[in-house]
Amino acid sequence: MNEQLLSDNISKLLQRVRLSAEKSQRSECDILVLAVSKTRPAADIRAAHDCGLLEFGESYLQEALVKMPELEDLDLTWHFIGPIQSNKTRAIAGHFDWVHSVDRSKIARRLSEQRPQDMAPLQVCIQVNISGESSKSGATLEELPQLVREIITLPRLRLRGFMAIPAATGDTRLQRQSFGRLRTALEQLQVIAPAMDTLSMGMSADIEAAIAEGATIVRAGTAIFGSRNR
Ligand SMILES: *Cc1c(COP(=O)(O)O)cnc(C)c1O
């Protein structure tokens, strides 16, 4: 994509993050902007890196595995944020630094077993279904305590917190309600897992509400790269 446009998009996004942080008296340093690069060519990731972004999120394993070797000369941090089938865990464990979309213990166990010994532990978030729609993936709030207890025993994983993709709504009050539920869940379960420090929530359209409710990672695709054709 056009590099000037990309650079303008990134400046605008960082400005939104800065203003939202200020509004809730938070430090912008506590909020990581994850660039969601699914469907984007490696050249766009390289250009975003040249604008200062270092962390990239991918949802489709095969697509990510094609792009990664093209970018090997850059020091990027890769986050897997898509649905995980169990036959994909080995490749995910071998190529990513973070996984945001762990939603059941079988997947967590496989990721831990398959994480290569010469790599740092895999940083993981549990994806939580906070909107209660049966179609959306993610663990339910009821399943969460047990899943947290299991994952913190897995030697090759570091449980960092929770991720959510709430039902899309333009109503900022409802956005904040959903994100607030995830924050409350984290606060409650920090009693069992005090090392959890991450709320991965907020996408291009609802970053402000997410930051107001304590997001520490916001995942932005369209705000950086423009709309996707897929
Ligand atoms: C695609 C995607 C995003 C980015 O969404 P935008 O609306 O383009 O910012 C964030 N998180 C997940 C899990 C996604 O799949």
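Quick caveat: nothing in here was measured; it's all calculated off a predicted structure.

Calculation rules
Residues numbered from 1 in each chain as written. Predicted model: local features only at pLDDT ≥ 70, side-chain atom pairs only at ≥ 80, totals over all residues. Heavy atoms only, no water. Salt bridge = Lys/Arg side-chain N within 4 Å of Asp/Glu carboxyl O. Helix = DSSP H or I, 4+ residues; strand = E, 2+ residues; numbered from the N terminus. Buried < 20%, exposed > 50% of the residue type's maximum accessible area, 1.4 Å probe, protein only. Disulfide = S-S within 2.5 Å. pLDDT = per-residue confidence, 0-100. Contact = heavy atoms within 4.5 Å. Core = buried A, V, L, I, M, F, W, Y, C linked by side-chain atoms within 4.5 Å. Phe/Tyr/Trp six-rings, centres within 6.5 Å; stacked < 30°, edge-to-face > 60°. Near = heavy atom within 4 Å. Polar contact = N/O pair within 3.5 Å; in protein donor to acceptor, adjacent residues only side chain to side chain. Areas by Shrake-Rupley, 256 points an atom, 1.4 Å probe, with all protein chains shown as cover. Nonpolar A, V, L, I, M, F, W, Y, C, P; charged D, E, K, R; others polar.

A closer look at the pattern of salt bridges
Here's step 1: Tallied over the entire structure, the rule returns eleven salt bridges.
Here's step 2: In this structure, Glu63 and Lys67 form a salt bridge, with 2.6 Å as the shortest nitrogen-oxygen distance. Of this pair, Glu63 and Lys67 both sit in helix H3 (residues 61-67), four residues apart, which is roughly one turn of the helix. Exposure class is identical for Glu63 and Lys67. Each is buried.
Here's step 3: Overlapping salt bridges bring together Arg176, Arg183, Glu187 and Glu213 as one network.

Topic: the state of the cysteines
Here's step 1: Taken as a whole and judged by the stated rule, the model has zero disulfides.
Here's step 2: Of the cysteine sulfurs around Cys29, a residue in no disulfide, the closest is that of Cys51, at 20 Å.
Here's step 3: The exposure class assigned to Cys51 is partly exposed, which follows from its relative accessible area of 33%.

Examining the confidence of the model for the chain
Here's step 1: Chain-level pLDDT for the chain is 96 on average; 98% of the residues reach the 70-or-more range.
Here's step 2: Across the chain, the secondary-structure element scoring lowest on mean pLDDT is helix H7 (residues 172-189), at 97, and the one scoring highest is strand E3 (residues 77-80), at 99.

Observations concerning helix H5 (residues 105-114)
Here's step 1: Taken as a whole, H5 has its buried residues at Ser105, Ile107, Ala108, Leu111, Ser112 and Gln114.
Here's step 2: Those residues of H5 that are buried lie in contact with helix H4 (89-95), strand E4 (98-102), strand E5 (122-127), helix H6 (144-151) and strand E6 (157-163).

Some points on helix H2 (residues 42-50)
Here's step 1: Within the span of H2, buried status applies to Ala42, Asp44, Ile45, Ala47 and Ala48.
Here's step 2: For H2, the secondary structure elements touched by its buried residues are helix H1 (3-23), strand E2 (55-58), H3, E3 and helix H9 (222-225).
Here's step 3: Of the residues trailing H2, Gly52 is marked for its positive phi of about 110°.

Some points on the nonpolar core
Here's step 1: Ranked by size, the top nonpolar core spans 65 residues in total, and within it Phe56, Val99, Leu111, Ile126, Ile151, Phe162 and Ile224 carry the most contacts.
Here's step 2: Apart from the residues lying within four places of it in its own chain, the contact partners of Leu111 are Thr89, Ile92, Ala93, Val99, Val102, Leu122 and Leu157.

Things to note about the packing of aromatic side chains
Here's step 1: All told, the structure shown has two aromatic pairs when counted by the stated rule.
Here's step 2: Each ring, one from Phe56 and one from Trp78, has its centre 6.2 Å from the other, and the planes form 45°; the classification is tilted. With a gap of 22 residues between them, Phe56 in strand E2 and Trp78 in strand E3 connect regions that are remote in the sequence. Assigned by exposure class, Phe56 and Trp78 land together as buried.

So, the site of the ligand
Here's step 1: In the vicinity of the ligand, the contacting residues are Val36, Lys38, Ser59, Ile81, Ile165, Met203, Ser204, Arg219, Ala220, Gly221, Thr222 and Arg228.
Here's step 2: Between the ligand and Lys38 there is a distance of 2.7 Å, counted from an oxygen atom to a side-chain nitrogen or oxygen.
Here's step 3: With respect to the ligand, the backbone of Gly221 contributes an N or O atom lying 2.8 Å from an oxygen atom.
Here's step 4: Here the ligand, which alone exposes 390 Å², has 88% of that area covered by the protein.
Here's step 5: Here the residues of the shell around the ligand sort into five nonpolar, four polar and three charged.

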